[in-house]
Amino acid sequence: ARRRSEIIAGAARLLEAPPEPEAMLDQIVRLPVPEIADICLVDLVNDGELGGTSVHAVEERSAELLRESRARYPLDAGGPHPVAIVARTGQPHVQAEIGPERLRAFAVDEEHLQRMLAVGYATSLAVPLIARGRTIGVLSFLRFGGSRPYDDSDAELAGEVAGRAALALDNARLFAELRRAERQLEAVLGNLAEAVTVQRPDGELVYANQVAAEMFGCASPDEVLATPMHRILDRFVVLDERGEPFDFADLPGRRALAGE
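Give me the lowdown on the sheet that holds strand β1 (residues 39-46), citing residues and values where you can.
Taken in spatial order, the 5 strands line up as β2-β1-β5-β4-β3 in an open sheet, and their pairing is antiparallel. Edge strands, defined here as strands with exactly one partner in the open sheet, are β2 (49-57) and β3 (93-95). For this sheet, the mean angle separating the axes of adjacent strands, direction not counted, is 15 degrees. Note that strand β4 (residues 121-131) and strand β5 (residues 134-144) share 10 bridges and pair antiparallel. Pairing of isoleucine 130 across the sheet is with threonine 135, part of β5. Most of the contacts of helix α3 (residues 60-72) go to β2, to which it runs at about 170 degrees, and overall it touches β1, β2, β4 and β5.

Below you can see the structure in the form of structure tokens.
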């Protein structure tokens, strides 16, 4: 019960971890080792295909062998491998015992079989990583010979861990995509000949390109964002097309924020 509580608490803390996908994957595969697994790995699912394996093991050599195996024998999403089955069905897969015949059932060739036999897998458990209604990966646990076989209670624990891990990983991936989009947008806006600004609903500027900075009499966009807007506007006498003092409430941005 204590071990179960500690593992689940560790999975919950993933939501507080830095939102970097690679770092998040590393934390996920480290979480169950060595308490409930000798090897833990995540195989990502992208557009129905399996790839992008992250591995951690009690012995680094075991992790290296598994990485080499995945690189040499990529998983077939439609094949009989337990990871592929979990990715397709979204259901846990428990192998209480993994003997040579069981490994032969999803070995690609004799060399692949010998590689798996050399590692000494004895029991395995794989559960889906499901976030926002879609399977984004498969979380697998493996134990070597002499270990207690995995059972349904282990599958239940793994499912709770996977639920939290999947949400944390998906958040990290969404955050990374958002940052890429922001960088692309900034690259486009930064090269425009027109002044461009972005305001929050309260009117505070959150973005200005270099042309806008120069229009405001600032050396850089950072200076614009660091200077209160009223101080920037105090530098100017602003008149309308009739030469009359201009009401800042009539600025297009202010009117757009008002719903016009």
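Describe the packing of helix α2 (residues 21-30) against helix α7 (residues 152-190), and please don't skip the residues or the numbers.
Working note: a packed helix pair is described by the angle between its axes plus the distance between those axes. At a minimum axis separation of 9 Å, α2 and α7 run at an interaxial angle of 165 degrees. When the axis of α2 is compared with that of α7, the two are roughly antiparallel. Our pair here, α2 against α7, has a crossing hand that is left-handed. Contacts between α2 and α7 involve Pro21, Met24, Leu25 and Ile28 from the first element and Ala165, Ala168, Leu169, Ala172, Arg173 and Ala176 from the second.

Which residues make up the pairing of β4, and what are the values?
Within β4, 9 of the 11 residues are buried, leaving the element largely enclosed by the surrounding structure. With 3 bridges connecting them, β3 and β4 associate as antiparallel partners. Note on β4: the bridge partner recorded for glutamine 95 is serine 124.

The rules we used
- Within each chain, residues carry numbers counting from 1 in the order of the written sequence.
- A pLDDT threshold of at least 70 governs which residues receive local features in this predicted model, and a stricter bar of 80 or more applies before side-chain atom pairs are shown or counted, although totals over entire chains, interfaces and linings include all residues.
- Note that water and hydrogens are dropped before the side-chain values are worked out from all heavy atoms of the structure.
- Any two strands with at least two DSSP-identified bridges between them are counted as paired.
- Secondary structure counts use DSSP, requiring at least four H or I residues in a row for a helix and at least two E residues in a row for a strand, with both numbered from the N terminus.
- Lines are fitted to the C-alpha atoms to define the axes, a helix being fitted only along its stretch in contact, and any angle between axes, read from their N-to-C directions, falls within 0 to 180 degrees.
- Throughout, a contact is declared for two residues whenever any of their heavy atoms are within 4.5 Å.
- Should an angle fall under 35 degrees it is called roughly parallel, over 145 degrees roughly antiparallel, and 65 to 115 degrees roughly perpendicular, with every other angle called oblique.
- Put simply, a crossing is left-handed when the front helix is turned counterclockwise from the back one by less than a right angle, and right-handed when it is turned clockwise.
- Note on exposure labels: buried denotes an accessible area under 20% of the residue type's maximum, exposed denotes more than 50%, and partly exposed covers the range between, all computed with a 1.4 Å probe on protein chains only.

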